[in-house]
Amino acid sequence: MCIRDRNYTNTPYIKYLSDNTTKILSASSPYNNLHNAKIILDGSGTINMTVEMPYNASLYRAYLDGIECGINLNCTFNYDGKELNFTLVLGSEHTLDIQGYEYKYVNVQSCITITDSSGVYNLTSDINANGATSCIFINNSYNIILDCNGHKIYNVSYTTDSYAIGISNSDNVTIKNCEIADTEAKYGISAHYSSDINISDVLVNYTTIYPVYYGIFMHECENLTIENSEVYTGTYSTYIISSDDVKIINTTLGAKLMFSNSNYIDAINNKQLNFLSN
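Conventions adopted
Residues numbered from 1 in each chain as written. Predicted model: local features only at pLDDT ≥ 70, side-chain atom pairs only at ≥ 80, totals over all residues. Heavy atoms only, no water. Phe/Tyr/Trp six-rings, centres within 6.5 Å; stacked < 30°, edge-to-face > 60°. Lys NZ or Arg CZ within 6 Å of the ring centre and 35° of its normal. pLDDT = per-residue confidence, 0-100. Helix = DSSP H or I, 4+ residues; strand = E, 2+ residues; numbered from the N terminus. Contact = heavy atoms within 4.5 Å. Disulfide = S-S within 2.5 Å. Buried < 20%, exposed > 50% of the residue type's maximum accessible area, 1.4 Å probe, protein only. Pairing = 2+ DSSP bridges. Core = buried A, V, L, I, M, F, W, Y, C linked by side-chain atoms within 4.5 Å.

### Describing the packing of aromatic side chains
- Tallied over the entire structure, the rule returns 11 aromatic pairs.
- A connected cluster of aromatic rings, assembled from ring pairs, spans Tyr187, Tyr214, Phe217, Tyr236 and Tyr239.
- The cationic tip of Lys152 hangs over the ring face of Tyr154; the distance from NZ or CZ to the ring centre is 5.2 Å.

### Points about the confidence of the model for the protein
- Averaged over all residues, the pLDDT of the protein equals 88, while 91% of them reach at least 70.
- Per-element confidence in the protein is highest for strand β13 (residues 127-128), whose mean pLDDT is 98, and lowest for strand β31 (residues 274-277), whose mean pLDDT is 51.
- Scored below 50 in pLDDT, residues 1-9 shows 13 contacts in the model against residues more than four places distant or in partner chains.

### A short note on the state of the cysteines
- Under the counting rule described, the total for this entry stands at three disulfides.
- A sulfur-sulfur distance of 2.3 Å marks the disulfide that ties Cys111 to Cys135. Taking the torsion about the sulfur-sulfur bond, which here is approximately -95°, the covalent link between Cys111 and Cys135 counts as left-handed. You can see Cys111 sitting in the loop between β10 (104-108) and β11 (112-114) and its partner Cys135 sitting in strand β14 (residues 134-139), a full 24 residues away along the chain.
- Cys111 gets classed as partly exposed once you look at its relative accessible area, which sits at 29%.
- What makes Cys135 buried here is its relative accessible area of 3%.
- In this model Cys148 forms its disulfide with Cys178; the gap between the sulfur atoms is 2.0 Å. Disulfide Cys148-Cys178: torsion about the S-S bond near 75°, hence right-handed. Placement of Cys148 in the loop between β15 (142-147) and β16 (152-154) and of Cys178 in the loop between β18 (171-176) and β19 (179-181) is noted, with a sequence separation of 30 residues between them. With respect to burial, Cys148 and Cys178 carry one shared label: buried.

### Some points on the pairing of strand β5 (residues 59-64)
- Most of β5 sits inside the fold, with six of its six residues counted as buried.
- The alternating pattern of β5 places Leu59, Arg61 and Tyr63 and Tyr60, Ala62 and Leu64 on opposite faces, both of which are buried.
- In the sheet, β5 pairs with strand β6 (residues 67-68) via two bridges, with the strands oriented antiparallel. If you follow Leu64 over to β6, its bridge partner there is Ile67.
- Between β5 and β6, which pair antiparallel in sequence order, lie two residues; one of them, Asp65, sits at a positive phi of approximately 55°.

### A few points about the sheet that holds β16
- Strand order across the open sheet formed by six strands is β13-β16-β19-β22-β25-β28, with parallel pairing between neighbours. Strands at the two margins of the open sheet, each flanked by one partner only, are β13 and β28 (252-253).
- The sheet contact formed by strand β25 (residues 230-231) and β28 spans two bridges and is parallel. Along β28, the bridge assignment pairs Val231 with Leu253.

### Some remarks on the pairing of strand β7 (residues 75-79)
- In the sheet, β7 pairs with strand β8 (residues 84-90) via five bridges, with the strands oriented antiparallel. In the sheet register, Cys75 faces β8, and the bridge partner there is Leu88.
- Taken together, β7 and the strand that follows it, β8, pair antiparallel across an intervening segment of four residues, in which Gly81 is found at a positive phi of about 95°.

### A closer look at unusual backbone geometry
- Positive phi is not limited to glycine here, since Asp65 has a value of about 55°.
- For Asp65, the location among the structural elements is in the loop between β5 and β6.

### Remarks on the nonpolar core
- By size, the foremost hydrophobic cluster in this structure holds 42 residues, and its most contacted members are Ile136, Ile165, Ile175 and Ile199.
- Dropping the residues within four chain positions of it, Ile199 is found in contact with Ile175, Ile189, Ile216, Met218, Thr225, Ile226, Glu227 and Ser229.

### Describing the environment of Ile144
- With respect to the element layout, Ile144 can be found in strand β15.
- The residues touching Ile144, leaving out its near neighbours within four places in the chain, are Ile114, Asp116, Ser117, Ser118, Gly119, Tyr121, Ile138, Asn172, Val173 and Thr174.

Here is the structure:
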């Protein structure tokens, strides 16, 4: 089924609807933000729907009846760069809110705290922390990409909670192409109370005189992926505690991998893996 009214050039286009008994009651975008849309529909059962937005955004989040798709299991979708393809389970009248975001691009040459949404942070040089106890802190943020572009973060001092890269209370964070070396940080990369964390093509490689330290440390996080990385440092190369849905793929671990009170763990094609759990 294909629905289109050419008069509505600034509204989302319902390009495909798998069930012709489902009614689209309204489909509109705010006049001042054509990346967003609200679609009200009435139907029952499982349907597929393709939506073409008035303007494409870098990424989208969607909410069915106020609950984010994916968390609301009655709504899943993917975005192919042009269209949003939804699978919805309907029971009556429902509201689908679509929110689009544009990434902003920031060049980074020194330690920074990020409290933002939808940003790409690019290191343009190595960063000397000059003995600080943290360098890059991503806090209360979502849709963040930190791309070190092969640059190094170094010279972080030791404390009981020092880190080169820290993540807290954040969602959908990607850390890639980073080197953490020549430092005494207790944690190379540390994440707490966060979800959808992706770490790829990262080298954590340093030594310290202190007895317990961690290359990558995750605490109370969900949906974590570490891939194509090398972690040679630490009492524990990677320590995962009270976290679920973890994948470690094509990664070299020079010391122990530790899981504690965590579930749904996949460790695939890794090297020098010393696995512990409790």
